[in-house]
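# Remarks on the overall topology
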Amino acid sequence: MGGQVVIETRKLTKVYRDFWGRQKKVALNALNLEIYQGEVFGLLGPNGSGKTTTIKLLLGLLFPTDGDAFVFGKPAADVKKNERIGYLPEESYLYRFLNAEETLDFYGRLFDMPADQRNQRAQQLIETVGLKRDRKRVLKEYSKGMRQRIGLAQALINDPELVILDEPTSGLDPLGARWMKDLIIELRKNNKTVIMCSHRLEDVQDVCDRIAILNEGQLQALGKVSTLLEDINRLELHASGVQLNEELRFLRIVEESKAHPGRRYLPERDAVVPGDRAAAPAARDGDKAEASPHIKELPKK
Amino acid sequence: MFATLNLERDPLKLAEVPRELGSWVQDAGGFCLVLLLVMMIWARARWPGGLSNWLWGAPDPERPRSWAPALFKLCLVAAVVGYVVAGLMRLLDHILSESPDVPTAPSVAKGPTVLVRGSGWVLTFAAACALLAVCLPFFVSLLSLRWRRIWGIARLSFKEAVRRKVLWVFASVLLIFLFLSWFVPAKRENQLQTYVTVVFLYLTPVLLVSSALIAAFGIPTDIKQQTIHTVVTKPVERFELVLGRFLGYTLLMSAVLLVLTTLCLGYVLRGINPDAAAESLKARDPLYGELHFQKIAGAYTDREAIEEVKREDRELNVGREWDYHKYVPGVNLEKETGPILQAVWHFDEVPGVLARRPRVRCEYKFDIYRQTKGKEGEAVRCSFFLHTRYFNPAGNDRTDYYNARKTLLNLQRPGDDPQRRAQAKEVIKVLPGASDEAVSRLSAGEGKPNEIDGSSTTTRCTSTCPAGCSATLGMVRPAGARHRRAPRC
């Protein structure tokens, strides 16, 4: 990607600790990312993989334990960077006693927008998200999908350059999910940078240019969607202290590093992979830890 | 910082403000320095770059260096150095004062030395620096405030309280007024005061508790429901969020106060007896005056027997009381020969406009403690003497005054016209400068010091003092008066 770097993280780490300062959970471990202007970037991974933590660190909602995060070249903790960001949280956490117009008016005020500009933008967004008929109803009367729509509208009230969407299709029916994806594509056409996180592959597959796959706080893979999704039958085993004997001769060591102790084994090309994974003692399957030249050498079936 | 606020004290005078302010700065600055030192240790251990980086962020080579971190460091260093210097000056003073080479005169009361005075100034400066260092992030935040955001958050708080029906709580407690008269019996003389007191006592806890509860739950509820995530991810400073919430609740409580006050005013005005209203609905301007005490060993007219009494020498100890609420023991009726203590108020700053009025209405209220059981049902009696500035205690004024008072006290309500004329002559004799109206009222017995029942707290002074003051003699027999107010003239 040749665009301007919008987001950059350097060994971004977040460790949750208990009251006594003891380490409880490593939510994110040394994440290195660069996200460019105009691309739709997806954070993919199962629940608890660190997607939302990454987003919160980028937004300054959490402070990193180690490493740095920069948004538009400014530290993530800098409030002023938020002027160029729109954020849709996972659940649409909005004030349920306000109606749609009041909600957008309130968030417009937070961006210090003048009244006429605020009203014009609010009406335009209400129409865009299809809530024109329900604009006078308070949000507590809305369905989850409607709340997600008004949530998206508040994220776009300032016409942001960077839109961060946390599980944007959550709670939407298939039509609503399609509408959301179309909107994201529309944002890309307008040269907006979009970061969306999801645990559903089909969501990111449809709209993202690049994705990062996270698992247990580790970046497992990073790259273009088309490239990463080609290896749909890849099997990767992580194990340590394994002696390759006759039964395991089909495995080959891919990588062993200080950062990721434990060898990673992949089946040799054309070898028959036994169905019984227990053949590899203490082995577990997982994704690639980080982008490396080995990816291109992975056997494909 | 407000822990050093002294609540039990005399009313503050303007001349005392600089000294009190300096004292407050020293106290608050001391706390601030301790806080800064603790934060420095904490930040050094937990935050790369220390306290300054934690507060202001790491220096960015691409951006011009802000003045705030530099000023913060300067204040911090100045505070530490100032405290060290002040401590050294005190130590030096202590060493010098104990030195045998320095001659001392124990009989002469010494003021603070130059070193002590200087250390006080240095200490105040150092404390001010510490205070500024702590408050600097707040002041810097003020510069970047956007009032549209704050107003938006304030409106949100207001709408939240209204739409979540918090205001119904206020409305529900108004029901108590429907039955208030069952519980608050009031006599005519003090009906208005009782009603106002009740309304005030009602409004204070309702508003204070409600505002504290609403404000305390506002932001925590936002955090709990995570609605705050959509707010702090906008370009909103934390301080703006707090200030906006605070402003919203202030507006809300002001609106509630306005409505409740209007309702309470309507209740008071509608519920009060017309006679009580005529008596009580008058503006009053309190004058406190300067208080000192006199002891009269002999007769009242014996000016040689009068001596000033210090507060600590007074015989009656009523416990801890504010200085301007001093007490004097009454006369022991069983030992009439004992000395009499008098409390004397001086009113040096009486409004000049009063001089142009034909009459000046004076009121006073006070507490009376009975230390002995005494006679049951018997009221407590006390006397007030009002002197104008023409009163000369060294001359015969005191004797004349005493005689005039005695004459006026002996006036009776006339049974017929000749008696009335005779009494008028007596009045003119003792009060040659009195107006016709005053003579008429006094000779009719109306100006006689009132004998008011035991629960009353005021008396009307309608006779004229010998020195020409329009305010005069009064004698009251209060038993349950609570509020203190010095007489005014």
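Residues numbered from 1 in each chain as written. Chains lettered and ligands numbered in written order. Predicted model: local features only at pLDDT ≥ 70, side-chain atom pairs only at ≥ 80, totals over all residues. Heavy atoms only, no water.

### Things to note about the overall build of chain B
Threshold: Secondary structure elements are defined from DSSP: runs of H or I of at least 4 residues count as helices, runs of E of at least 2 residues count as strands, and each element is numbered from the N terminus. For every residue, the accessible area obtained with a 1.4 Å probe (protein chains only) is divided by the maximum for its type, and the residue is called buried under 20%, exposed over 50%, and partly exposed between those limits.
Counting secondary structure elements, chain B contains 14 helices and five strands. Within chain B, buried positions represent 32% of all 489 residues.

### Some thoughts on the sheet that holds strand β5 (residues 74–75) of chain A
All names here are of chain A. Inclusion rule: Following DSSP output, two strands are said to pair if at least two bridges run between them.
Across the sheet, four strands lie side by side as β2-β1-β4-β5; this open sheet has antiparallel pairing. Of all strands in the sheet, those with a lone pairing partner are β2 (23–36) and β5, marking the two edges. Pairing analysis gives five bridges linking strand β1 (residues 5–17) to strand β4 (residues 66–71), with the strands arranged antiparallel. Bridging across to β4, Thr9 finds its partner in Ala69.

### Structural notes on the pairing of strand β7 (residues 162–166) of chain A
Residue and element names in this part refer to chain A. Burial of β7 is extensive: five of the five residues sit out of reach of the surface. Of the two faces of β7, the one lined by Leu162, Ile164 and Asp166 and the one lined by Val163 and Leu165 are each fully buried. Direction of pairing for strand β6 (residues 85–88) relative to β7: parallel, over a ladder of four bridges. Within β7, the position partnered with Gly86 by the bridge is Val163. Relative to strand β8 (residues 193–198), β7 runs parallel, the two being bridged by five bridges. Residue pairing in the sheet places Asp166 in a bridge with Cys197 of β8.

### Observations regarding the pairing of strand β9 (residues 210–215) of chain A
Residue and element names in this part refer to chain A. Within β9, five of the six residues are buried, leaving the element largely enclosed by the surrounding structure. As judged from the four bridges shared by strand β3 (residues 40–44) and β9, these two strands associate in the parallel manner. Paired with Phe41 across the two strands is Arg210, which belongs to β9. Bridge analysis of β9 against strand β10 (residues 218–224) gives six bridges, and the strand direction is antiparallel. If you follow Ile213 over to β10, its bridge partner there is Ala221. Hairpin connection, β9 to β10: the antiparallel pair is bridged by two residues, and Glu216 has positive phi, about 50°.

### Brief notes about the confidence of the model for chain B
All names here are of chain B. Filter applied, for reference: For every residue, the predictor reports its confidence as pLDDT, a number between 0 and 100. Two residues qualify as a contact provided that any one of their heavy atoms is within 4.5 Å of a heavy atom in the partner residue.
Per-residue confidence for chain B gives a mean pLDDT of 73, with 68% of residues at or over 70. At the level of individual helices and strands, chain B shows its lowest average pLDDT in strand β5 (residues 474–476), which scores 32, and its highest in helix α9 (residues 228–232), which scores 90. This model gives residues 105–109 a pLDDT under 50, and the stretch forms zero contacts once residues within four places in sequence are excluded.

### Concerning the environment of A:Gln154
In this structure, A:Gln154 sits in helix α4 (residues 144–155). A relative accessible area of 0% places A:Gln154 in the buried class. Residues A:Gln154 and A:Asp105, 49 residues apart in the sequence, show an inter-C-alpha distance of 9.0 Å. Sequence-distant contacts of A:Gln154, defined by excluding residues within four places in its chain, comprise A:Tyr87, A:Leu88, A:Pro89, A:Leu94, A:Leu104, A:Tyr107, B:Thr230 and B:Lys234.

### Points about the interface of chain B and chain A
What counts is decided by this rule: Summed over both partners, buried area is the accessible surface (1.4 Å probe) that two parts give up on being assembled. One side-chain nitrogen of Lys or Arg within 4 Å of one carboxyl oxygen of Asp or Glu is enough to make a salt bridge. Any pair of N or O atoms that falls within 3.5 Å is considered a polar contact. Within protein, one atom must be able to donate a hydrogen and the other to accept it, and sequence-neighbouring residues count only if both atoms are side-chain atoms.
Listed as interface residues are 29 residues of chain B and, on the opposing side, 29 residues of chain A. At the boundary of chain B with chain A, total buried surface from both sides reaches about 2,800 Å², with 61% on carbon and sulfur atoms. In terms of surface lost to chain A, no three residues of chain B exceed B:Arg148, B:Thr233 and B:Lys234, which account for 23% of the buried area on that side. There are four salt bridges connecting chain B and chain A. The salt bridge partner of A:Glu102 is B:Arg163, with a shortest N-O separation of 2.6 Å. In this structure, the connection of chain B to chain A is made through 11 residue pairs in polar contact (both at pLDDT 80 or more). Contributions of two or more residues to the side of chain B that touches chain A are made by α5 (147–163), α8 (191–225), α9 and α10 (238–271) of chain B.

### Observations regarding the environment of B:Met39
Residue and element names in this part refer to chain B. Residue placement: Met39 occurs in helix α1 (residues 17–46). The sequence separation of Met39 and Leu51 amounts to 12 residues, and the corresponding C-alpha distance is 6.8 Å. In this view, Met39 contacts Leu51 and Trp54; residues no more than four positions away in its chain are not counted.

### Considering the sheet that holds strand β2 (residues 306–309) of chain B
Residues and elements named next belong to chain B. Inclusion rule: Under this scheme, a helix contributes an axis fitted over its contacting stretch, all axes are lines through C-alpha atoms, and angles between N-to-C directions fall in the 0 to 180 degree range.
Pairing is antiparallel in the open sheet, where three strands are placed in the order β2-β1-β3. If you trace the sheet from one side to the other, it starts and ends with β2 and β3 (340–346), each paired once. The sheet shows a mean angle of 35° between the axes of neighbouring strands, taken without regard to direction. Pairing of strand β1 (residues 290–296) with β2, which is carried by four bridges, proceeds in the antiparallel orientation. By the bridge assignment, Gln294 is partnered in β2 with Glu308.

### Quick notes on the nonpolar core
To keep it simple, the criterion reads: For the purposes of this section, nonpolar cores are sets of buried Ala, Val, Leu, Ile, Met, Phe, Trp, Tyr and Cys residues that join through side-chain atoms within 4.5 Å.
A:Leu43, A:Phe106, A:Ile150, A:Leu162 and A:Ile195 are the most contacted members of the largest nonpolar core, which totals 81 residues. If sequence neighbours within four positions are ignored, A:Leu43 has contacts with A:Leu33, A:Lys51, A:Thr54, A:Ile55, A:Ile195, A:Met196, A:Cys197, A:Ser198, A:Ala212 and A:Leu214. Counting residues in each nonpolar core, the second largest holds 19 residues, with B:Tyr195, B:Val199, B:Val256 and B:Ala277 among its members.

### Re the pattern of salt bridges
Within the structure shown, the criterion is met by 28 salt bridges over all chains. The partner of A:Glu127 in a salt bridge is A:Lys132, and the shortest N-O contact between them spans 4.0 Å. The class for A:Lys132 is partly exposed, based on a relative accessible area of 47%. For B:Glu20, the salt bridge is made with B:Arg19, and the minimal N-O distance between the two is 3.7 Å.

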